[in-house]
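Chain by chain, the residues:
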Amino acid sequence: VWVLQNADNKYFPEISKRDIISYQNWLLRNNENSPARVRRLKRTLSSLSNYIEAILDDELPNFRSIVRKIENPVNEPTREKTVLTDEQADQLLDYLMERGQYEKACCFALARYSGRRKSELTRFKVSYFDDENIIYGTFYKTPEKVRTKGKGVNGKMLTCYVLAKPFKPYFDAWMAKRADLGIESEWFPDRDDPTKTVPISTLNSWAETFSNILGIPVYWHSLRHFFTTSLAKANLPDSVIKTIIGWESLEMVDIYKDIDDEDEIGKYCMNGEIVGQKQAALSDL
């Protein structure tokens with residue numbers, strides 16, 4: 001559309017570097033896209049360019065990919081990072097439970113105690129939360145792999161884990177409410193069609209509600225940080241945290257755990273001496 005309106009509807013192989021620069025500037029200044037969004041759009045154009053260069057070279061022998069030659073905008077966060085405390089998370093859950101908003105409480109608790117992404121929460125089936133699926137007396141382990149973010153049509157299929165003991169009261173409250181309402185669904189159901197999962201737009205609306213309740217920005221991805229931090233504070237080794245969340249690199253643990261360096265050092269100091277820390281077991285959570 002930008003090419004149609006701003007570059008005389010040029011044929012894509014005729015797009016110039018100046019066109020790409022103008023397009024990038026328009027995205028940032030006029031369309032108010034974030035630098036991360038601009039990078040994603042440019043990666044798509046770059047992929048198309050690579051296809052033309054590699055596959056259609058017999059039709060367009062002089063074409064060369066130029067998108068990657070234009071420097072990307074500096075990738076800056078578009079919102080202030082929210083680091084929830086245990087007290088804030090408990091306050092929100094208490095508020096929702098007191099007002100009978102059990103579905104919201106259950107979904108928030110699922111994110112809090114699993115660290116799964118927003119889109120992944122809707123893929124959990126209620127049958128997963130059976131006592132038979134609890135391992136080490138601590139985690140619900142999904143009996144089948146859940147589709148998560150990743151390359152390919154189906155993304156990355158992972159076995160997921162949810163802390164059972166703290167999550168169960170919210171799950172039980174929601175299931176009891178569902179029974180009273182006559183809701184039969186294996187998911188968090190769409191209000192208008194229980195055979196479908198709750199739409200992402202509804203989860204976005206709930207996040208706005210949570211933000212209003214606590215008076216701070218609450219977004220689902222912050223709970224991925226929250227869960228990782230909770231595991232780290234329990235002294236689980238990074239390698240175990242990596243396995244629980246399903247990351248391929250230990251570097252991801254450092255990115256997601258929100259523990260100040262001073263607090264990290266403080267765990268090993270007591271009464272003026274350096275002390276060792278006992279590694280926690282899963283049953284200690």
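See the structure printed just above.
What comes next is a walk through the structure. (Residues numbered from 1 in each chain as written. Predicted model: local features only at pLDDT ≥ 70, side-chain atom pairs only at ≥ 80, totals over all residues. Heavy atoms only, no water.)

1. Concerning the overall build of the protein chain
Within the protein chain one finds 12 helices and seven strands. Burial statistics for the protein chain: of 285 residues in total, 37% are counted as buried. Per element, the accessible surface of the protein chain, about 17,200 Å² overall, is 48% carbon and sulfur. (Helix = DSSP H or I, 4+ residues; strand = E, 2+ residues; numbered from the N terminus. Buried < 20%, exposed > 50% of the residue type's maximum accessible area, 1.4 Å probe, protein only. Areas by Shrake-Rupley, 256 points an atom, 1.4 Å probe, with all protein chains shown as cover.)

2. Examining a nonpolar patch on the surface
A surface patch of nonpolar side chains, amounting to about 290 Å² of accessible area, comprises Leu-48, Tyr-51 and Ile-55. Along the chain, the position of Tyr-51 falls in helix α3 (residues 35-55). In this structure Tyr-51 comes out as partly exposed when scored by relative accessible area, which is 45%. (Patch = residues over 30% accessible without salt bridge, like charges linked within 9 Å, V, L, I, M, F, W, Y side chains within 5 Å. Salt bridge = Lys/Arg side-chain N within 4 Å of Asp/Glu carboxyl O.)

3. Observations concerning the pattern of salt bridges
As enumerated under the stated definition, the model contains 11 salt bridges in all. The shortest N-O distance in the salt bridge between Asp-86 and Arg-112 comes to 3.8 Å. Taken together, the positions of Asp-86 in helix α4 (residues 86-98) and Arg-112 in helix α5 (residues 102-112) put the pair 26 residues apart, joining distant regions of the chain. Here Arg-112 falls in the buried class, since its relative accessible area comes to 5%. Via salt bridges that share partners, Asp-86, Asp-90 and Arg-112 belong to a single interconnected network.

4. Details of the packing of α5 against helix α9 (residues 222-233)
At a minimum axis distance of 8 Å, the contact between α5 and α9 shows a crossing angle of 50°. Of the possible angle classes, the one that applies to α5 and α9 is oblique. Facing Phe-108, Ala-111 and Arg-112 of α5, the residues of α9 in contact are Leu-223, Phe-226 and Phe-227. (Axes fitted to C-alpha atoms, helices over the stretch in contact; angles between N-to-C directions. Parallel < 35°, antiparallel > 145°, perpendicular 65-115°, else oblique. Contact = heavy atoms within 4.5 Å.)

5. Examining the side chain of Thr-82
As for its position among the elements, Thr-82 is in the loop between α3 and α4. One polar contact links the side chain of Thr-82 to the main-chain carbonyl oxygen of Pro-217, over a distance of 2.6 Å. Discounting chain neighbours no more than four positions away, the residues touching Thr-82 are Ile-216, Pro-217, Tyr-219 and Ser-222. (Polar contact = N/O pair within 3.5 Å; in protein donor to acceptor, adjacent residues only side chain to side chain.)

6. What about the nonpolar core?
Judged by nonpolar contacts, the single largest core of 52 residues is most densely connected at Phe-108, Phe-167 and Trp-220. The dominant element in this core, judged by the number of residues it contributes, is α5, at seven residues. (Core = buried A, V, L, I, M, F, W, Y, C linked by side-chain atoms within 4.5 Å.)

7. A short note on α5
Helical geometry: 3.6 residues make up each α-helical turn, so side chains three or four residues apart lie on a common side. For α5, the tally of buried residues reaches 10 of 11 residues, placing the bulk of the element in the interior. Among the residues of α5, Glu-103, Lys-104, Ala-105, Cys-106, Cys-107, Phe-108, Ala-109, Leu-110, Ala-111 and Arg-112 are the ones counted as buried. In this structure, the buried residues of α5 make contact with α4, α6 (118-121), β5 (161-163), α7 (164-181), α8 (200-214) and α9.

8. Examining the packing of α5 against α7
Between α5 and α7, the least distance of the axes is 8 Å, while the angle of their chain directions is 150°. By the angle between their axes, α5 is roughly antiparallel relative to α7. Considering how the two elements wind past one another, α5 and α7 form a crossing that is left-handed. On α7, the residues that touch Tyr-102, Glu-103, Ala-105, Cys-106, Ala-109 and Leu-110 of α5 are Phe-167, Tyr-170, Phe-171, Ala-173, Trp-174 and Lys-177. Its residues assigned to classes, the contact of α5 with α7 shows 10 nonpolar, no polar and two charged. (Left-handed = near helix turned anticlockwise from the far one by under 90°. Nonpolar A, V, L, I, M, F, W, Y, C, P; charged D, E, K, R; others polar.)

9. Structural notes on the packing of aromatic side chains
All told, the structure shown has 12 aromatic pairs when counted by the stated rule. Taking the centre distance of 6.1 Å and the plane angle of 10° together, the rings of Phe-124 and Phe-129 count as stacked. According to the relative accessible area criterion, Phe-124 is buried, its value standing at 2%. In this structure Phe-129 comes out as buried when scored by relative accessible area, which is 9%. Ring geometry for Phe-129 against Phe-167: centres 4.9 Å apart, planes inclined by 50°, an arrangement best described as tilted. Residue Phe-129 is found in the loop between α6 and β1 (134-135), and its partner Phe-167 is found in helix α7; the two are separated by 38 residues along the sequence. Residues Phe-129 and Phe-167 agree in their burial class; the two are buried. (Phe/Tyr/Trp six-rings, centres within 6.5 Å; stacked < 30°, edge-to-face > 60°.)

Note that all results are geometric; they support no functional claim without further evidence.
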